[in-house]
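For reference, the chains in residue letters:
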Amino acid sequence: RTDNKEKELGKDRGTGKKVLMMVHFSRDTAQKQWDETRVFALRAIGAILGEFFPIMSKSREFHLLWTEFLDHIHYAVRNNSLEVATASINTLATVLQAP
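Presented here is an overview of the structure given in this document.

What counts as what
Residues numbered from 1 in each chain as written. Predicted model: local features only at pLDDT ≥ 70, side-chain atom pairs only at ≥ 80, totals over all residues. Heavy atoms only, no water. Salt bridge = Lys/Arg side-chain N within 4 Å of Asp/Glu carboxyl O. Helix = DSSP H or I, 4+ residues; strand = E, 2+ residues; numbered from the N terminus. Buried < 20%, exposed > 50% of the residue type's maximum accessible area, 1.4 Å probe, protein only. Patch = residues over 30% accessible without salt bridge, like charges linked within 9 Å, V, L, I, M, F, W, Y side chains within 5 Å. Areas by Shrake-Rupley, 256 points an atom, 1.4 Å probe, with all protein chains shown as cover. Expected span 1.5 Å × (residues − 1). Arc of directions from axis to C-beta. Contact = heavy atoms within 4.5 Å.

1. Examining the pattern of salt bridges
Link 1 in the chain: The tally for this structure, following the rule as stated, stands at 1 salt bridge.
Link 2 in the chain: D35 is the salt-bridge partner of R38, the closest N and O atoms lying 3.3 Å from each other. On the criterion of helical spacing, the pair formed by R38 and D35 is a turn pair, its members being 3 residues apart in helix α1 (residues 30-56).
Link 3 in the chain: Classification of D35 by relative accessible area gives buried; the value is 6%.

2. Notes on a nonpolar patch on the surface
Link 1 in the chain: On the surface, a cluster of nonpolar side chains totalling about 250 Å² of accessible area is made up of L9, V19 and M21.
Link 2 in the chain: Its location among the elements puts V19 in strand β2 (residues 18-23).

3. Some points on helix α3 (residues 82-96)
Link 1 in the chain: Helix length check: α3 (15 residues) gives 21 Å between terminal C-alpha atoms against 21 Å at 1.5 Å per residue, within 8%.
Link 2 in the chain: The set of residues buried in α3 consists of V84, A85, A87, S88, T91 and V95. Considered in projection along α3, the buried side chains sweep an arc of 165° and stay on one side of the axis. Opposite the buried face of α3, at more than 90 degrees from it, the exposed residues are L82 and L96.
Link 3 in the chain: Residues of α3 that are buried in the fold lie against α1 and α2 (62-79).

Pasting the structure below:
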């Protein structure tokens, strides 16, 4: 499928010409774009938590932090698109596989 769209972002301040952005047909709604942002954020969180998990797990507040993290994962799985739900589970897996 190749019905990509151009969306106007505004005007170039110097030339006054339209500034256009090509939007892939699979990302042509605000909801899909927000989902992509959520997936990006979840991947980053997984990478950070996975990297620092050994340090964080020694914290006195770890139980509270871990519970809150799991609550966010649970919410994301139950209340978002399949793409976000899958990214949430992958994020949890990344953290659990931390050394």
